[in-house]
Amino acid sequence: MSNAQLNNAEQPNVITPAKIHWQMDDTGNKVPVSGEFGDVYFSNADGLAESRHVFLSHNQLPERLANLAEKQCFTIAELGFGTGLNLLATWQLWRQLRDMHPQLATARLHFITTEKYPIPLADLTQILALWGQRAPELAEFIKPLLTAYPPLTAGCHRLNFFEDNLTVDIWLGDAADSLAKLAVNTSIKPAPYVDAWFLDGFAPSCNSTLWTDSIFAQMQRLSRPMTTAATYSCAGIVKRGLQNCGFQIKKVKGFGRKNEMLTAIMLDTIDLNANNSKDIPFYNHASTVAPATDNNSDSESAKPTSNLPAHTIVIGAGVSGLSVAWSLANRGIQVTLLDKSAPLAGASGNPRALLAPKMTPIHHVDEHLHTIGYLYSSRLYRLLNKKSEQESGASILEPTGALDLLIKANIGTKQIADYPDDMATTLSCEQAQNASGLKAQDLSENLYLPQSGLVNPQALKDIILAHPLIRFQQLDVKSISETEESVCIEGNNQDKQTISISAENVVICAAFESHELDKRIFDCRKIRGQLSWFTPTVAQLTSLPKIPLKYSGYCALFTAKTGDETLNNVIVSAPYLLLGASFIRNDTDIDIRKEEHQISRDKLVTAIPEMDSVIPTDLSLWQGRAGIRTQTPDYHPIVGQLDQSKRMWVMSAMGAKGYAIAPICAEALTDMMLGAFAPLSMAMLARLSPNRTRLQTPLT
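Summary of the structure given here. Predicted model only: the values in this text are computed from it and were never measured.

Reading the values: rules and limits
Residues numbered from 1 in each chain as written. Predicted model: local features only at pLDDT ≥ 70, side-chain atom pairs only at ≥ 80, totals over all residues. Heavy atoms only, no water. Helix = DSSP H or I, 4+ residues; strand = E, 2+ residues; numbered from the N terminus. Rg over C-alpha atoms; globule rule 2.2 N^0.38 Å. Buried < 20%, exposed > 50% of the residue type's maximum accessible area, 1.4 Å probe, protein only. Contact = heavy atoms within 4.5 Å. Areas by Shrake-Rupley, 256 points an atom, 1.4 Å probe, with all protein chains shown as cover. Lys, Arg positive; Asp, Glu negative; His and termini not counted. Charge placed at Lys NZ, Arg CZ, Asp CG, Glu CD. Core = buried A, V, L, I, M, F, W, Y, C linked by side-chain atoms within 4.5 Å. 1 Å grid on protein atoms, 1.4 Å probe; cavity = no way out; pocket = protein on both sides within 12 Å on 5 of 7 lines; lining within 4 Å. Points joined across faces, edges and corners; volume = space filled by probe spheres on them. Nonpolar A, V, L, I, M, F, W, Y, C, P; charged D, E, K, R; others polar. Expected span 1.5 Å × (residues − 1). Arc of directions from axis to C-beta. Salt bridge = Lys/Arg side-chain N within 4 Å of Asp/Glu carboxyl O. Pairing = 2+ DSSP bridges. Axes fitted to C-alpha atoms, helices over the stretch in contact; angles between N-to-C directions. Polar contact = N/O pair within 3.5 Å; in protein donor to acceptor, adjacent residues only side chain to side chain.

## What about the overall build of the chain?
- Counting its secondary structure elements, the chain contains 19 helices and 30 strands.
- For the chain, the C-alpha radius of gyration of 26 Å lies close to 27 Å, the compact-globule estimate for 700 residues.
- In terms of principal-axis extent, the alpha carbons of the chain reach across some 85 × 60 × 45 Å.
- A burial count over the chain gives 59% of its 700 residues as buried.
- Intrachain contacts of the chain at a sequence separation of at least 6 include 72% that bridge at least 24 residues.
- Counting every atom, the chain has about 27,500 Å² of accessible surface; 50% of that belongs to carbon and sulfur.
- Averaged over its 61 positive side-chain charges, the chain has a centre that lies 2 Å from the centre of its 70 negative ones.

See below:
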């Protein structure tokens, strides 16, 4: 972390990394100690055994998880991510149970965790390397966790491990603030709730902030009858806090030399004046289901999954529709993806998309959708790269890094210094010149994004459409009718035949045409954007920028891969320089225009004069693609359930940021639809709502 980040660390929304010290445990092994609180991260006797005893066994997870129904989601919320040991132990148990119980093939585990002082990756790698030696059974889980471990910035970082049907949301920041951001919209059924709590903060005597009334109030808000909790602590503040927010507590044998620990279960009715010490039936280790009581009709064994959709129709096969289809299919939902032409036929079908966010000052990062989306998309695309490599396909994301010249930015080098270096930094002028290949330009003012890269839309489409639960069909939708039980789509297929398809839900992802399909969707601003590219000569290649550059436009070198030629006029294996993009309001024509090639050339040579002698002035051989971007008045996309509807949803208006923000928006929409906690805050979801106040007044 930079000096500036250390200096600003106590300001709101700036994360302070944990300071790690080491001491010897009871068996002679080194264990990490918190420099902030002077407490150990796990038991001096056996941290892994303690995790299993306190949090897995005393939340009855082996029995409860084994009894999940098909497609059912079980949600764990943890206070204090620490070293990730509880997650690793839970993950191992989950995989073991899925191997033993066939119905868990479509069940899902959602692990939500909070951390105010996250451990830096280098320290976490060292800590978990020791656990890989002490408990070799964890090694296969440690590697993917470290690979996905996020930069230490405030807000929610979603990590998906698709092969295990495991979603991990790491909320960095104050725990009470993080929990307060979890949205519970009871108007959408089913509403999410936490099934089990891991209360694993440092001891109350060391860190009382994780045991405050505000924390327990959030536990009460996010739980429901029969939610359980477990903690190693029997401190009075913990017992009173749990009782006052509606939990029945019970002391049981602690781990190792600890005489006691607490387990708790939420009551059906909450009387804050009562002692809450009466006995109620707890889950016990001998039973495989929750105890049968009159008020336990929604226990794990009986929780209904029949209201989850079996089939959803997604209209529009650009990056929004593809992302929604992917998120739904990975929750076990059958998806029919419709488009009047073909996948990526519209604005999403460019040869490449530059994944490089417009950064914001770090104090706003936890609510900055472009940054949140960029971090999630970057993880997702890298994960899909491995899948594509296994199938001998092209990479979805080519990691290149990117250099922003800060010509059109809302952040300066002083504010960039607040960010972790592995996410954003400023290079010296010499470093920037070496990285970019530019020789004459003064590059002292710059933003370097090491995790940026070029997205291959065709490769992404191929991976998504290969999912066994996703089926594409060409259909020009003419009407949508919703009933109490389903939604029916009617339209004309490629043979001009009228056909109808029904599903439990429909998601409209048709960009600027979304309003024509349902008038409740805002009629957005339409902005034409033309991307240009040309084949450089061998001599030109030696002088062109070596990495993608951002200025008032952007440019990037790429090599066409197999499949690119089906979308655009390129030759496989040939190099190209991509320049973009024009910005023409209220123009929906998609013809290729020489004057817009010139606009893109002018932007580049104005920003980087030395390129004037390199970029050809004869534009007759340039190629291009024009698409129509869709933009709302407040620049936020539209994501959510339509007004006065139970089965109609929309995800649209991504602007020019679709490949950065569509995947995280699709996750949020899918969570809302299926009754899970979204990776976006309650305030952010309100800003994205199709029914928000700003969208009630039409554009003039």
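Now, onward.
## Quick look at the nonpolar core
- Among the nonpolar cores identified, the biggest contains 86 residues, and Leu61, Leu65, Trp131, Trp197, Leu242 and Phe247 are the most heavily contacted of them.
- It is helix 4 (residues 85–100) that provides the largest number of residues to this core, a total of eight residues.
- With sequence-adjacent residues up to four places away left out, Trp131 is seen in contact with Phe42, Asp46, Gly47, Leu48, Leu85, Pro136 and Ile142.
- Leu397, Tyr554, Ala556 and Met654 belong to the second-largest nonpolar core, a separate cluster that totals 85 residues.

## Details of empty space enclosed by the protein
- The final tally for this structure, using the stated rule, is six cavities of 30 Å³ or more.
- Of the pockets and cavities examined, the largest cavity occupies roughly 90 Å³.
- In terms of lining residues, the largest cavity is bounded by Arg108, Asn160, Phe161, Phe162, Asn165, Leu166, Thr167, Asn330, Arg331 and Glu667.
- Going through the elements one at a time, strand 5 (155–161) and strand 6 (166–172) are the ones with two or more residues in the lining of the largest cavity.
- Its residues assigned to classes, the lining of the largest cavity comprises three nonpolar, four polar and three charged.
- The space that makes up the second largest cavity amounts to roughly 70 Å³.
- Along its surface, the second largest cavity is lined by Ser323, Trp326, Ser327, Tyr376, Leu380, Tyr381, Leu384, Leu460, Ile464, Pro663 and Glu667.
- Contributing elements (two or more residues each) for the lining of the second largest cavity: helix 10 (319–329), helix 11 (369–390), helix 14 (457–465) and helix 18 (658–674).
- The element contributing the most residues to the lining of the second largest cavity is helix 11, with four residues.

## With respect to helix 5 (residues 121–134)
- When the terminal C-alpha atoms of helix 5 are compared, their 20 Å separation across 14 residues agrees well with the 20 Å that a helix rising 1.5 Å per residue should span.
- By the burial criterion, the buried members of helix 5 are Leu124, Ile127, Leu128, Leu130 and Trp131. For helix 5, the angular spread of buried residues about the axis comes to 145°, placing them on one side. Seen from the open side of helix 5, the exposed residues pointing more than 90 degrees away from its buried face are Ala122 and Gln133.
- Each element contacted by the buried residues of helix 5 is listed here: strand 1 (20–24), strand 2 (30–34), helix 2 (47–56), helix 4 and helix 6 (139–148).

## Concerning the pattern of salt bridges
- By the definition in use, this model includes 32 salt bridges.
- Taking the shortest distance from any N to any O, the salt bridge between Glu260 and Lys251 comes out at 3.9 Å.
- Put simply, Arg687 and Glu367 hold a salt bridge, and the shortest N to O gap is 2.5 Å. Taken together, the residues span a long stretch of sequence, with Arg687 in helix 19 (residues 682–688) and Glu367 in the loop between strand 13 (353–355) and helix 11 at a distance of 320 residues.
- The exposure class assigned to Arg687 is partly exposed, which follows from its relative accessible area of 29%.
- Overall, the relative accessible area of 22% leaves Glu367 in the partly exposed class.
- It is possible to trace a salt-bridge network through shared partners that takes in Arg108, Arg158, Asp169, Arg331, Glu667 and Asp671.

## Describing the sheet that holds strand 29 (residues 638–641)
- Strand order across the open sheet formed by six strands is 18-12-11-22-30-29, with mixed pairing between neighbours. For this open sheet the edge positions go to strand 18 (470–474) and strand 29, each flanked by a neighbour on one side alone. Geometrically, the sheet is characterised by an average inter-axis angle of 20° between neighbouring strands, direction not taken into account.
- Bridge analysis of strand 11 (residues 311–315) against strand 22 (residues 505–508) gives four bridges, and the strand direction is parallel. If you follow Val314 over to strand 22, its bridge partner there is Val507.
- Sheet strands in contact with helix 18 are strand 11, strand 22, strand 29 and strand 30 (648–652), and its direction is about 170° off that of strand 30.

## Things to note about the sheet that holds strand 21 (residues 498–503)
- Pairing is antiparallel across the open sheet formed by three strands, whose spatial order is 19-20-21. Looking at strand neighbours, the two that pair on one side only are strand 19 (476–482) and strand 21, the edges of this open sheet. For this sheet the average axis-to-axis angle between neighbouring strands, irrespective of direction, equals 20°.
- Two strands pair when backbone bridges link them, and strand 19 and strand 20 (residues 487–492) are joined in this way by six bridges, in the antiparallel orientation.

## Concerning helix 11
- The terminal C-alpha atoms of helix 11 lie 32 Å apart, and with 22 residues this matches the ideal 32 Å at 1.5 Å per residue to within 8%.
- Counting buried positions over the 22 residues of helix 11 gives 16, a clear majority of the element.
- Backbone geometry just downstream of helix 11 places Ser392 in the positive-phi region, at approximately 60°.

## Here's the deal with the environment of Lys386
- As for its position among the elements, Lys386 is in helix 11.
- With a relative accessible area of 44%, Lys386 lands in the partly exposed category.
- A C-alpha to C-alpha distance of 32 Å links Lys386 and Ile628, two positions 242 residues apart in sequence.

## Description of the side chain of Asn160
- Here Asn160 shows up in strand 5.
- For Asn160, a relative accessible area of 10% gives the class buried.
- A polar contact of 2.6 Å, which involves the side chain of Asn160, links it to the side chain of Thr167.
- The residues contacting Asn160, other than those within four sequence positions of it, are Leu166, Thr167, Tyr376, Leu383 and Glu667.

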